[in-house]
Amino acid sequence: MELGQVPLLFSRLPMFPFFDLAHYMASVMALKEQRAVEVSIRSPVACWFSAMLCCFGGSVLSSLMLGEPPVAFLAKTTNILLASSVWYLVFYCPQDKFYQCFAFLPLRLLVAGMKEVTRTWKIVAGVAHADSHFEDAWLVMVAVGWARGAGSGLISNFEQLVRGVWKPETNELLKMSYPVKVTLIGAVLFTLQHSQYLPIARHNLMFVYTIFLVVSKVTMMLTRSTASPFAPIEAALSHMFFGLQKPPSKVKGESASSSNGSSVCDQSSSEQPRDGVKKRQAKKTE
Amino acid sequence: MELGQVPLLFSRLPMFPFFDLAHYMASVMALKEQRAVEVSIRSPVACWFSAMLCCFGGSVLSSLMLGEPPVAFLAKTTNILLASSVWYLVFYCPQDKFYQCFAFLPLRLLVAGMKEVTRTWKIVAGVAHADSHFEDAWLVMVAVGWARGAGSGLISNFEQLVRGVWKPETNELLKMSYPVKVTLIGAVLFTLQHSQYLPIARHNLMFVYTIFLVVSKVTMMLTRSTASPFAPIEAALSHMFFGLQKPPSKVKGESASSSNGSSVCDQSSSEQPRDGVKKRQAKKTE
Amino acid sequence: MELGQVPLLFSRLPMFPFFDLAHYMASVMALKEQRAVEVSIRSPVACWFSAMLCCFGGSVLSSLMLGEPPVAFLAKTTNILLASSVWYLVFYCPQDKFYQCFAFLPLRLLVAGMKEVTRTWKIVAGVAHADSHFEDAWLVMVAVGWARGAGSGLISNFEQLVRGVWKPETNELLKMSYPVKVTLIGAVLFTLQHSQYLPIARHNLMFVYTIFLVVSKVTMMLTRSTASPFAPIEAALSHMFFGLQKPPSKVKGESASSSNGSSVCDQSSSEQPRDGVKKRQAKKTE
């Protein structure tokens, strides 16, 4: 096997079952870290529905946008059973063993890295699916690719509503988290590639973009940073196009504090350091 | 006519117009008892729209879930006219005669019993409709059957929003009311029957389930109880699967107080006893 | 050319690009006047999305109602680019020159008048589109025509949510603004005409209705009044059908104060007089 074939073989990697499993794991664990433990005690049904929205939010949102049945994801029985098992083990495993096991940093890094791989696949599928509905409508392709890849973040207000939490003062459009931002950039890149404006083969772009996703995610988890690597570029663009000047210190502080509240499902392991809080929450379930 | 033929003949009972009428009556009267009198004075349009969501909520929700036009219910002009007449008479009849007449207990029991019959028919229709969209997707069948049978309860947060009321801290998934629970069980049973896992003919299941619905509803109204007959089974299951232990006294208290607030449309006559409140509200309209 | 041909020629007037442009201008300027300046600084993405909902809200809502892809409006790339340019110039033009220029009363009247012309076209398109989905369902025709013509007003609660504002205590059904009311009347008239109950040719009705819209809008802007010309008829009908008696003075006061808050997108220039406020807001952007 030559080195040049690696991207092609990589692009043929099946997502089911291992990468999908990692995605469900990362999503459900992020949900648990957002004070969802109370809900899991109060109402297992609401907790399950919330977990499904975290795992399949992208599918639900992109179906809604294209006028297709948003319950279609329920027809994939195997995936639902997989995600439900993960949900059950994360929330109700005796003595919280399952959660504590996967909260161990190396495993956590593996799961988070594999989750990011699924993001690329979802964006590509979303862009292709949108193109099959609307010919050459590049804005629709970007929107559907974005929705498919970062759906659970974008619908976080309504996912929270299922759990009885309502935070209208913020949403992922008002204050984008890093995963939502990088998915938007990915959706734009894959749309350009699909429309043949980017002189690069799709499997190469998939390979490069996935590497970037995984590396940036792992770096952010290891350095415990929530600052976006795009911050300087964003500040420059904001200044150029919108005449905005943000004091960078304030921006950092805000994003760090808001990352707790606004979007649950798509921030997975950025909250990883605060072990004390988590252990206390975990205790409650026992 | 033999006795064995009763379930078959029962399953051919047409819902239109009398049973549908009872459903509209019970739904609109339940709406009126939820402080909707103010809204009926402030804005008849919002009140009418809210009443239509109570009457046709199941149809709207299941259409949304299957990617079909949610306004389809407006095409059934006769049903809309019937529901609108009921709405008009309940809210704006001079001296509130119409409401007071049907608030009389025997009539109220009759209406509530007939409303429960329509629930069975809706679940069966929902399950069959979902099956025609997705082959053998039993989760979709359960979801659509549930949505069709208990739709107005499940969308109660948004129905309240039409009237300017917003209670994000609770919803029918966080704290299921009895009608929503029993509809979920019915949706599971009819899905199993439809997939031929239950060794029982459909008309027999319909007959037995409807009898159970009507008897439990009438019993709950006569004993003025809001406690679910499933409470012991639920507690056992919660304990077995989720390790949860709820103090039963607290559960009762909560469900009694929350039944006032959370779901309007689907609780019909469980509020029946508090006549004093209703009379005071009724006075306001005059 | 004879005088009798004027309505026919008028009904063939193309909306694109000038009338559409006026619609975008009026919608985005109304958005800016609703304290959206803060949002434009905080998050250009949320501001853009909010502006698109104001410009294309009718299309989004009517698509949702008919089970069609609500992102279809994104496929009309030219219209999106036009609306985005208007959005950019209104919010981010250096020294706010663009906004100040079009806030000049005669220009503002022209823009508002042209926007009202697009309303007629949208209602007609909505009624015809609904008829192609459901045969002879006049309630669906009214609903879709209304949604298409006044969509941005009807979804204002959700448009506000994008900007982090949540006002559940009011909505356009609870307290209809004048544009939403007049659009409803228009939808009823065009549905009657479409079902051939009104003995008038469509182009004549379009002509008369548009004249009425433009004249009433311009009059309201010049007299700085927010009182609906239908107020006496409404009061009479309310009294006759619903037994309601509203003290007219109170109604005026309420509608004046609520017009600030509830519906942003569809009230365009009724806020025009309060120049002081606007100048202060405009200063903030600089």
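Residues numbered from 1 in each chain as written. Chains lettered and ligands numbered in written order. Predicted model: local features only at pLDDT ≥ 70, side-chain atom pairs only at ≥ 80, totals over all residues. Heavy atoms only, no water.

- Going by an unreviewed UniProt entry, chain A carries the name Transmembrane protein 38B and comes from Gallus gallus.
- Turning to chain A, the UniProt annotation filed under Subcellular location (unreviewed entry) states: "Endoplasmic reticulum membrane". (UniProt positions renumbered as here; feature names shortened; annotations may be inferred.)

**A look at the interface of chain C and chain B**
Here's step 1: Counting residues at the interface gives 23 residues for chain C, matched by 29 residues for chain B.
Here's step 2: A combined buried area of about 2,200 Å² lies between chain C and chain B, and 73% of that area is made up of carbon and sulfur atoms.
Here's step 3: Between the two partners, chain C and chain B, sit zero salt bridges.
Here's step 4: Summed over the shared surface of chain C and chain B, the result is five residue pairs in polar contact (both at pLDDT 80 or more).
Here's step 5: Looking at the side of chain C that touches chain B, the elements with two or more residues in it are α3 (44-65), α7 (138-154), α8 (156-162) and α11 (231-242) of chain C. (Contact = heavy atoms within 4.5 Å. Buried area = accessible area lost by both parts, 1.4 Å probe. Salt bridge = Lys/Arg side-chain N within 4 Å of Asp/Glu carboxyl O. Polar contact = N/O pair within 3.5 Å; in protein donor to acceptor, adjacent residues only side chain to side chain. Helix = DSSP H or I, 4+ residues; strand = E, 2+ residues; numbered from the N terminus.)

**Describing the relation of the copies chain C and chain B**
Here's step 1: With an RMSD of 0.0 Å, chain C superimposes on chain B once it is rotated by 120 degrees and translated 0.0 Å along the axis. Overall, the copies show the geometry of a three-fold rotation axis. Relative to the rotation axis, the C-alpha of G67 of chain C is the closest in chain C, positioned 3.3 Å from it.
Here's step 2: The two copies present different faces, since only 13% of the interface residues in chain C are matched by interface residues at the equivalent positions in chain B. (Least-squares fit on C-alpha atoms with pLDDT ≥ 70 in both.)

**A closer look at the interface of chain B and chain A**
Here's step 1: Counting from both sides, the interface comprises 23 residues of chain B and, opposite them, 29 residues of chain A.
Here's step 2: Counting the surface lost from both chain B and chain A, the interface buries some 2,200 Å², and carbon and sulfur atoms represent 73% of this.
Here's step 3: Three residues, L173, L174 and F242 of chain B, lead the burial of chain B against chain A; their summed loss comes to 28% of the area buried on that side.
Here's step 4: Taken together, the links from chain B to chain A amount to zero salt bridges.

**Looking at the packing of aromatic side chains**
Here's step 1: Evaluated as defined, the whole model comprises 51 aromatic pairs over all chains.
Here's step 2: Here the aromatic rings of Y88 of chain B and Y92 of chain B are separated by 5.8 Å at their centres, their planes lie at 40 degrees, and the arrangement is tilted. With Y88 of chain B and Y92 of chain B both in helix α5 (residues 77-92) and four residues apart, this pair spans about one turn of that helix.
Here's step 3: Its relative accessible area of 28% is what places Y88 of chain B among the partly exposed residues.
Here's step 4: The exposure class of Y92 of chain B is buried, given its relative accessible area of 9%.
Here's step 5: Summarising the aromatic geometry, the rings of F98 of chain B and F102 of chain B are spaced 5.0 Å apart at their centres and angled 45 degrees between planes, so their arrangement reads as tilted. With F98 of chain B and F102 of chain B both in helix α6 (residues 97-102), this residue pair falls four residues apart, about one helical turn.
Here's step 6: Owing to a relative accessible area of 17%, F98 of chain B belongs among the buried residues under this scheme.
Here's step 7: Members of the aromatic cluster, connected to one another through ring pairs, are F158 and W166 of chain A, F158 and W166 of chain B together with F158 and W166 of chain C.
Here's step 8: The aromatic ring of Y99 of chain A is capped on one face by K32 of chain A, whose charged end is 5.0 Å from the ring centroid. (Phe/Tyr/Trp six-rings, centres within 6.5 Å; stacked < 30°, edge-to-face > 60°. Buried < 20%, exposed > 50% of the residue type's maximum accessible area, 1.4 Å probe, protein only. Lys NZ or Arg CZ within 6 Å of the ring centre and 35° of its normal.)

**Focus on the state of the cysteines**
Here's step 1: Scanning the entire structure with this criterion turns up zero disulfides over all chains.
Here's step 2: Looking at the unpaired C55 of chain A, the closest cysteine sulfur is the one in C54 of chain A, lying at 6.7 Å.
Here's step 3: Unpaired in terms of disulfides, C101 of chain C finds its nearest cysteine sulfur in C93 of chain C, a separation of 9.4 Å. (Disulfide = S-S within 2.5 Å.)

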